[in-house]
Amino acid sequence: MPSLDSNYRGRFAPSPSGPLHIGSLVTALASYLDARANRGQWLLRMEDIDPPREQAGAAQQITNSLLNHGMTWDGDIFWQSARSAAYDTYLQQLLDKNLAYYCGCSRRQLAATNGLHIGTCAHPGSPNGDAIRLRVPNETIGFNDRIHGSQHRTQVELGDPVLKRKDGLYAYQLAVVVDDAEQGITDIVRGVDLLDASAWQIHLQNALGFKQPRYCHIPVIVGDDGHKLSKQSFAPALDDQYAFANLCLALHYLQQTPPPDTINDVADLLLWATEHWRPQDIPARRQFDAINKSL
Ligand code: GLU
């Protein structure tokens, strides 16, 4: 657990593919409380780099929901859709240093390795319409997670991720690393479904000379089918009218002490939860229970 650190800069980085649901509220709340408990900044970054997956109005719904749940971010919203020039600059640096490469492999060609692109490219691509991949070295990438402890990932587990897609869109791995650095993020609190991706991101940070943030990967809520609750699986949108109850449920999922009965509004609840924030109580291995159907 980090010591009280006023240089702390955390962030919540939703993709506007739909409104917030209880799973994304849990992530937002954990990152918010961790930042505020450290007297740090909490920034909001809209990861709007994948228009085909976005839903009209979702960014607005997300910001409204955060505000209705009392979570106010510091500074302006940071929009990834305005960042193409920066992504291009860093991609070019990686290409120039041979740390990234054009790849013409199709999904079918990668089926034998479960879609993973490992090592040498069998179908080298060209700047005209091919994807760009990060070259992951044949060495173990290690890092520490505040909840999961010491982590190690190998080239064979990771494969070489896409940084820019064939259709010209920038991929999450590139955008998140460039923007965490640009925004001076010191602490990343997000779902455990991104734990593996941290290894790619750390390699990319090193390749681009960026500082490594601290990581804290919290469990994700799973639906009845055992999969992460997500906007793509049509998890029900949060009802902002029940912001107080939603926040209590999110605290419960994070295994934080419930607030006393004397607390009955959103602002007091957040203050109380910040004062009583115990990240060490967040469960490590257990997945959160399936969503309560009555929500
Ligand atoms: N945009 C990602 C999502 O909505 C989160 C990225 C991150 O926190 O690094 O799942």
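Keep in mind the model is a prediction, meaning the values are calculated, not measured.

Peer 1: Even after reading the chapter, I still don't get the pattern of salt bridges, so can you show me in this structure?
Peer 2: Should their charged atoms come close, side chains of opposite charge can pair. Using the criterion set out here, one finds 15 salt bridges in the structure. For Arg 36, the salt bridge identified is with Asp 74, shortest N-O distance 2.8 Å. Here Arg 36, found in helix α1 (residues 22-37), pairs with Asp 74, found in the loop between α2 (58-68) and β3 (78-79); they are 38 residues apart in sequence, far enough to count as distant. The buried category is assigned to Arg 36, whose relative accessible area is 19%. Assessed through its relative accessible area of 21%, Asp 74 is described here as partly exposed. Here Arg 165 ties to Asp 167 by a salt bridge, and the two come within 2.7 Å at their closest N and O atoms. Each member of the salt-bridge network shares a partner with another, and the members are Arg 11, Arg 45, Glu 47 and Asp 180.

Peer 1: Sorry if this is basic, but what is going on with the sheet that holds strand β2 (residues 41-46) here?
Peer 2: Within a sheet, neighbouring strands are paired by backbone hydrogen bonds and run either parallel or antiparallel to one another. One open sheet accounts for three strands, arranged β1-β2-β3; its pairing is parallel. Of all strands in the sheet, those bounded by a partner on one side alone are β1 (9-12) and β3. Taken together, the two bridges between β2 and β3 define a ladder with parallel strand orientation. Considered in β3, the bridge of Arg 45 is made with Phe 78. Along the sheet face, helix α5 (residues 172-182) touches β1, β2 and β3 and points at about 145° away from the line of β2.

Rules of the game
- Residues numbered from 1 in each chain as written.
- Predicted model: local features only at pLDDT ≥ 70, side-chain atom pairs only at ≥ 80, totals over all residues.
- Heavy atoms only, no water.
- Salt bridge = Lys/Arg side-chain N within 4 Å of Asp/Glu carboxyl O.
- Helix = DSSP H or I, 4+ residues; strand = E, 2+ residues; numbered from the N terminus.
- Buried < 20%, exposed > 50% of the residue type's maximum accessible area, 1.4 Å probe, protein only.
- Pairing = 2+ DSSP bridges.
- Contact = heavy atoms within 4.5 Å.
- Axes fitted to C-alpha atoms, helices over the stretch in contact; angles between N-to-C directions.

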